[in-house]
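Here is how the chains run, residue by residue.
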Amino acid sequence: MQPIRRILVAVKDPAARAPPSVNKAAQIAKGLHAQLTLFHDIATPLYAEALQGRGVDLPSLQREVQTARREQLEKLAARIRKHGVDVDVAADWDFPPYEAIIRKAQRISADLVVVENHQGSGRHPARWLLAYTDWELLRLCPIPVLLVKNRRLYHRPRILAAVDPSHA
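So, how was this worked out
- Residues numbered from 1 in each chain as written.
- Predicted model: local features only at pLDDT ≥ 70, side-chain atom pairs only at ≥ 80, totals over all residues.
- Heavy atoms only, no water.
- Core = buried A, V, L, I, M, F, W, Y, C linked by side-chain atoms within 4.5 Å.
- Buried < 20%, exposed > 50% of the residue type's maximum accessible area, 1.4 Å probe, protein only.
- Helix = DSSP H or I, 4+ residues; strand = E, 2+ residues; numbered from the N terminus.
- Contact = heavy atoms within 4.5 Å.
- Phe/Tyr/Trp six-rings, centres within 6.5 Å; stacked < 30°, edge-to-face > 60°.
- Salt bridge = Lys/Arg side-chain N within 4 Å of Asp/Glu carboxyl O.
- Pairing = 2+ DSSP bridges.
- Axes fitted to C-alpha atoms, helices over the stretch in contact; angles between N-to-C directions.

**Here's the deal with the nonpolar core**
Piece 1. Among the nonpolar cores identified, the biggest contains 27 residues, and I7, V9, L36, L38 and I80 are the most heavily contacted of them.
Piece 2. At six residues, the largest contribution of residues to this core is made by helix 3 (residues 58–81).
Piece 3. Setting aside its immediate chain neighbours within four residues, V9 contacts S21, V22, A25, L36, T37, L38, F39 and V114.
Piece 4. Judged by nonpolar contacts, the second largest core, of 17 residues, contains A100, A105, C141 and I143.

**Topic: the packing of aromatic side chains**
Here the distance between the centres and the angle between the planes together describe a pair of aromatic rings.
Piece 1. Counted according to the given criterion, the structure contains one aromatic pair.
Piece 2. On the basis of an interplanar angle of 85° and a centroid distance of 5.9 Å, the ring pair of Y98 and Y132 is categorised as edge-to-face. With a gap of 34 residues between them, Y98 in helix 4 (residues 97–107) and Y132 in helix 5 (residues 132–140) connect regions that are remote in the sequence.
Piece 3. On the basis of relative accessible area, Y98 is assigned to the buried category, the value being 8%.

**Looking at the environment of I4**
Piece 1. Looking at the element boundaries, I4 is found in the segment before strand 1 (6–10).
Piece 2. With 29 residues separating them in the primary sequence, I4 and H33 have C-alpha atoms 8.7 Å apart.
Piece 3. Among residues more than four places away in sequence, those in contact with I4 are L32, A34, D111 and L112.

**Points about the pattern of salt bridges**
Piece 1. The full count for this structure, using the stated rule, is six salt bridges.
Piece 2. With a shortest N-O distance of 3.0 Å, E74 and R81 are connected by a salt bridge.
Piece 3. Among the salt bridges present, the one from R139 reaches E136, with a minimum N-O distance of 2.8 Å. Placement of the pair is R139 and E136 together in helix 5, with a separation of three residues, close to one helical turn.
Piece 4. Residue classification places R139 among the partly exposed residues on the basis of a relative accessible area of 41%.
Piece 5. One network of salt bridges, in which partners are shared, links D92, K104 and R107.

**Quick look at the sheet that holds strand 5 (residues 145–148)**
Piece 1. One open sheet accounts for five strands, arranged 3-2-1-4-5; its pairing is parallel. Two strands close off the open sheet at either side, each with one partner strand: strand 3 (87–93) and strand 5. Averaged over all pairs of adjacent strands, the angle between strand axes in this sheet comes to 20°, irrespective of strand direction.
Piece 2. Summarising the sheet, strand 1 and strand 4 (residues 112–116) pair through four bridges and their orientation is parallel.

**Points about the environment of I28**
Piece 1. Here I28 lies in helix 1 (residues 20–32).
Piece 2. Note: C-alpha distance between I28 and V85 (57 residues apart in sequence) is 10.0 Å.

**Considering the side chain of Q35**
Piece 1. Mapping Q35 onto the fold places it in strand 2 (residues 35–42).
Piece 2. You can call Q35 buried: its relative accessible area is 18%.
Piece 3. Not counting the four nearest positions on each side in its chain, Q35 is found in contact with R5, R6, I7, D86 and D88.

Right, here's the structure in full:
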């Protein structure tokens with residue numbers, strides 16, 4: 001396996017104060033002296049009909065939303081940079097999210113993709129099941145994926161698990 005030099009972190013909620021995926025990826029990046037890219041996919045549809053009569057055009061609204069998401073990611077990145085980690089940010093309009101993450105990872109030549117479990121940690125009776133986005137990302141991503149399921153940071157990690165979801 002090649003050394004991990006570039007890590008892509010798919011940030012589900014850039015407004016969150018301390019996303020678990022960002023914290024864990026920062027810990028890994030610091031330990032491996034890897035570069036970190038915080039990425040948020042903007043998959044929210046915009047409807048041109050909703051803009052009529054408001055004096056706002058679609059490209060302007062898209063730029064405004066994209067700028068806002070990048071600023072939120074920059075706040076997270078600034079905290080990580082204080083610990084000596086090289087971090088950059090990106091927010092792109094793309095759909096579906098799992099394909100957007102894969103495309104971004106390939107564009108930046110990522111060696112590892114870190115994502116937060118989309119299922120959440122609520123009282124769902126089968127919360128161990130993967131959400132559709134998680135499953136498709138694990139199934140289709142040609143780059144190793146770390147699926148973060150809890151907030152606890154790593155303390156002396158020793159095990160790496162590899163799963164082939166297609167049973168090839």
